[in-house]
Amino acid sequence: MSTDTLPNPEKSPEQSGGGELIRLDHVTKRFGDNVVLDHLDFAVDAGKHVTLIGPSGSGKTTILRLLMTLLKPDEGTITVDGQKLFPATEKERREVRKQIGMVFQQFNLFPNMTVLRNITEAPVTVLGMSKDEAVERAKGLLDLVGLADKCDAHPAQLSGGQQQRVAIARALAMRPKVLLLDEVTSALDPELVAGVLDLLRDIARTTDITMLCVTHEMNFARDISDQVLMFDSGRVIEAGPPEKIFSEPEHDRTREFLSAVL
Ligand SMILES: Nc1ncnc2c1ncn2[C@@H]1O[C@H](COP(=O)(O)OP(=O)(O)OP(=O)(O)O)[C@@H](O)[C@H]1O
Ligand SMILES: [Mg+2]
């Protein structure tokens, strides 16, 4: 697979300088009486790959959904590239939101659109890209993810692994500064997992996109992560480089979690 056509978003001063790209301050999210995130603080530097690990229900997906603006925090502020995502007006939020792409566990492709249209739709309607340019770029991305021959297929005609590779191409088509990945291989048949993880490894290695990743694939997390954050009950209980977290965790809770998943 060639990685020549991988998007390499224009470097902002923050990105080239490796400054802070994502920042959550005192973020609290409740569902009824259930306090899912409890005054959560953390920051991700531009170009870094950060993996969130932790038990089911600890709030990992909730964080990604807040960044995607699919949910609103009850308290706290979220900033992306120095611009407020929360609190902000809808217009401000839409602008910030353009810099963020997400790939979901269940692909979430548009079932009634061809593969090509799935990828060109948002660049045309949200970024105002010309149709010709969007199509040209989409074809380059499909080539990259190994699906150049599937332009005219509909999602239902693809395997899970192929659908997930289209979803990754669709997210990259927006030239995001931030890519959010939520257990993107956990709905795949085991033999399809490696291909998708290899693609993500290539993207991590060859672009300066900041990645925030939730995964149970610990070898993958070890390979791509600059930092691993261990969550429990809506708080970061331990953070560090993967070699530290996976080999010498400090918290009993982290040790218990890792021994259950490794
Ligand atoms: N829309 C919702 N309405 C009510 N409760 C919700 C909603 N979304 C999430 N929750 C609750 O918030 C908590 C955290 O959920 P979240 O999906 O963030 O966990 P997670 O860490 O991603 O877990 P998993 O590893 O199982 O995916 C859970 O207790 C869940 O039941
Ligand atoms: Mg989740």
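Caption draft 1: Summary view of the side chain of Ser58. By secondary structure assignment, the location of Ser58 is in the loop between β3 (49-53) and α2 (60-67). Those residues in contact with Ser58 that sit more than four places away from it in its chain are Val36, Phe231, Asp232, Ser233 and Gly234.

Caption draft 2: Looking closely at the packing of helix α6 (residues 160-173) against helix α7 (residues 190-206). α7 packs onto α6 with a crossing angle of 20 degrees between their chain directions and a minimal axis gap of 9 Å. When the axes of α6 and α7 are compared, the pair comes out roughly parallel. Along this stretch, α6 crosses α7, giving a crossing that reads as right-handed. Residues Gly160, Gly161, Gln164, Arg165, Ile168 and Leu172 of α6 form the contact with α7, whose own contacting residues are Leu192, Val196, Leu199, Leu200 and Ile203.

Caption draft 3: Broad picture of the environment of Pro242. Structurally, the position occupied by Pro242 is in helix α9 (residues 242-247). With 16 residues separating them along the chain, Pro242 and Asp226 place their C-alpha atoms 7.0 Å apart. The residues touching Pro242, leaving out its near neighbours within four places in the chain, are Ala221, Arg222, Ser225, Asp226, Gln227, Val228 and Ser247.

Caption draft 4: Seen up close, the site of ligand 1. Taken together, the residues surrounding ligand 1 are Phe31, Asn34, Val36, Pro55, Ser56, Gly57, Ser58, Gly59, Lys60, Thr61, Thr62 and Glu183. Contacts to ligand 1 include Asn34, whose side-chain N or O atom sits 3.3 Å from an oxygen atom. Contact distances for ligand 1 include 2.5 Å between an oxygen atom and a side-chain N or O atom of Thr62. Starting from 640 Å² of accessible surface for ligand 1 in isolation, the protein chains cover 59%. When residues in the shell around ligand 1 are grouped by element, the largest group, 3 residues, is from α2.

Caption draft 5: Quick look at the pairing of strand β6 (residues 100-103). Of the two faces of β6, the one holding Ile100 and Met102 and the one holding Gly101 and Val103 are both buried throughout. Sheet analysis places β6 next to strand β7 (residues 178-182), joined by 4 bridges and oriented parallel. Across the sheet, the residue bridging to Ile100 is Val178, located in β7.

Caption draft 6: Local environment of the environment of Val261. Mapping Val261 onto the fold places it in helix α10 (residues 252-261). The class of Val261 is partly exposed, set by a relative accessible area of 31%. Measuring from C-alpha to C-alpha, the distance between Val261 and His216 comes to 7.3 Å, with 45 residues separating the pair along the chain.

Caption draft 7: Main features of the packing of helix α4 (residues 115-125) against helix α5 (residues 131-144). α5 packs onto α4 with a crossing angle of 130 degrees between their chain directions and a minimal axis gap of 9 Å. When the axes of α4 and α5 are compared, the pair comes out oblique. For the element pair α4 and α5, the recorded crossing hand is right-handed. Contact residues: α4 offers Val115, Leu116, Ile119, Thr120, Pro123 and Val124, while α5 offers Lys131, Ala134, Val135, Ala138, Lys139 and Leu142.

Caption draft 8: Inspection of α10 at higher detail. Listed in full, the buried residues belonging to α10 are Thr254, Phe257 and Leu258. Relative to the axis of α10, the buried residues are bounded by an arc of 95 degrees and lie together on one face. Away from its buried face by more than 90 degrees, α10 exposes Asp252, Ser259 and Ala260. Against β3, α8 (218-224), β9 (227-232), β10 (235-240) and α9 lie the buried residues of α10.

About the thresholds
- Residues numbered from 1 in each chain as written.
- Chains lettered and ligands numbered in written order.
- Predicted model: local features only at pLDDT ≥ 70, side-chain atom pairs only at ≥ 80, totals over all residues.
- Heavy atoms only, no water.
- Helix = DSSP H or I, 4+ residues; strand = E, 2+ residues; numbered from the N terminus.
- Contact = heavy atoms within 4.5 Å.
- Axes fitted to C-alpha atoms, helices over the stretch in contact; angles between N-to-C directions.
- Parallel < 35°, antiparallel > 145°, perpendicular 65-115°, else oblique.
- Left-handed = near helix turned anticlockwise from the far one by under 90°.
- Near = heavy atom within 4 Å.
- Polar contact = N/O pair within 3.5 Å; in protein donor to acceptor, adjacent residues only side chain to side chain.
- Areas by Shrake-Rupley, 256 points an atom, 1.4 Å probe, with all protein chains shown as cover.
- Buried < 20%, exposed > 50% of the residue type's maximum accessible area, 1.4 Å probe, protein only.
- Pairing = 2+ DSSP bridges.
- Arc of directions from axis to C-beta.

Geometry only, nothing functional implied.
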